[in-house]
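Residues per chain, in single letters:
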Amino acid sequence: KPLRASRTLLNALKIASADAKKVDDVLGEFDKVFALNTFGTGEAREQLASYTNGVVASDLPQEVKLKAFQKAVSGLESQVAENSLDPRGHLFLASTYMRAGQLDNALAVLNKARELSPTRPHILFLLADAYISKGDNAKALEAVEKAYNLDKYYPDAVRNLAVVAILN
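Numbers given for residues are sequential positions, taken from 1 along each chain in its written order. In view of the model being predicted, local features appear only for residues whose pLDDT reaches at least 70, and side-chain atom pairs are presented and counted only at 80 or more, with totals across whole chains, interfaces and linings using the full set of residues. Heavy atoms throughout the structure, all of them, feed into the side-chain values; hydrogens and water do not.

### With respect to the nonpolar core
Okay, step 1: Definition used in this section: a nonpolar core is a set of buried Ala, Val, Leu, Ile, Met, Phe, Trp, Tyr and Cys residues joined via side-chain atoms within 4.5 Å. When a residue's accessible area, from a 1.4 Å probe over protein chains only, is under 20% of the maximum for its type it is buried; when over 50% it is exposed; and in between it is partly exposed. In this structure, L91, L93, Y97, M98, L110, L127 and V144 are the most contacted members of the largest nonpolar core, which totals 33 residues.
Okay, step 2: In what follows, a contact means two residues having at least one pair of non-hydrogen atoms within 4.5 Å. Once residues within four sequence positions are removed from consideration, V144 is found in contact with F125, A128, N160, L161 and V164.
Okay, step 3: Counting residues in each nonpolar core, the second largest holds 16 residues, with A12, V23, A44 and V55 among its members.

Laid out in structure tokens, this is it:
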């Protein structure tokens, strides 16, 4: 079963890389992987989220984008429910929401991830991105300041603080 799931996931990724516009074929392969329900299901959900982010940003018809988005969100919500204490699933879900412009949903999920892992700068950077996208530069600045205060020598924290401070 795990070997079949791995091969099916690789086939989904192969189809996606050959022609990302074959959304129904790709989603069909992901459905096969999910039906096998192996230890690799989480990885498959994350791969689907990454694929979906590309679909959402593409010039494909809106109904195709929505189909991929709904499948990715459904899988990632299951991931979060199954592993509620792991911020990783939250980050993939938030990223998918952000890519689709659902910023309030992204912020809710990111704030939950932050509760789970309050000292992880990457979560604070994603929060800042969501706030900037929403037009709330002041809250973005608060987020990057918190990241900076966690480690004043972390290059990404310094750079992000400088950029967001300029935006403000």
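### Structural notes on the packing of aromatic side chains
Okay, step 1: The rule is short: rings of Phe, Tyr and Trp, with Trp giving its six-membered ring, pair when the centres are within 6.5 Å, and they are stacked under 30 degrees, edge-to-face over 60, tilted in between. Going through the model one piece at a time under the given rule, you end up with three aromatic pairs.
Okay, step 2: Considering the side-chain rings of F125 and Y154, the 6.1 Å spacing of their centres and the 15° angle between planes classify their relative orientation as stacked. Placement of the pair is F125 in helix 7 (residues 121-134) and Y154 in the loop between helix 8 (137-150) and helix 9 (155-167), with a sequence separation of 29 residues.
Okay, step 3: The class of Y154 is partly exposed, set by a relative accessible area of 29%. Each helix is a run of DSSP H or I of at least 4 residues and each strand a run of E of at least 2, with the numbering of both proceeding from the N terminus.

### Some words on helix 4 (residues 62-82)
Okay, step 1: Given the number of residues in a helix, its expected span is that number minus one, multiplied by 1.5 Å. A rise of 1.5 Å per residue sets the reference length of helix 4, with its 21 residues, at 30 Å; its end C-alpha atoms lie 30 Å apart and thus fit the reference within 8%.
Okay, step 2: Every buried residue of helix 4 is listed here: K65, A68, F69, A72, V73, G75, L76, Q79 and V80.
Okay, step 3: Elements in contact with the buried residues of helix 4: helix 2 (23-36), helix 3 (41-56) and helix 5 (87-99).

### What to know about the pattern of salt bridges
Okay, step 1: The rule for a salt bridge is simple: a side-chain nitrogen of Lys or Arg has to be within 4 Å of a carboxyl oxygen of Asp or Glu. Taken as a whole and judged by the stated rule, the model has nine salt bridges.
Okay, step 2: Ionic pairing is found between E29 and K32, a salt bridge with its closest N-O pair at 2.9 Å. One end of the pair is E29 and the other is K32, both in helix 2 and three residues apart, which spans about a single turn.
Okay, step 3: Residue classification places E29 among the buried positions, given a relative accessible area of 10%.
Okay, step 4: Residue classification places K32 among the partly exposed positions, given a relative accessible area of 47%.
Okay, step 5: Here E115 makes a salt bridge to K112, at a shortest N to O gap of 3.7 Å. Taken as a pair, E115 and K112 lie in helix 6 (residues 103-116) at a separation of three residues, close to a single helical turn.
Okay, step 6: The class of K112 is partly exposed, set by a relative accessible area of 36%.

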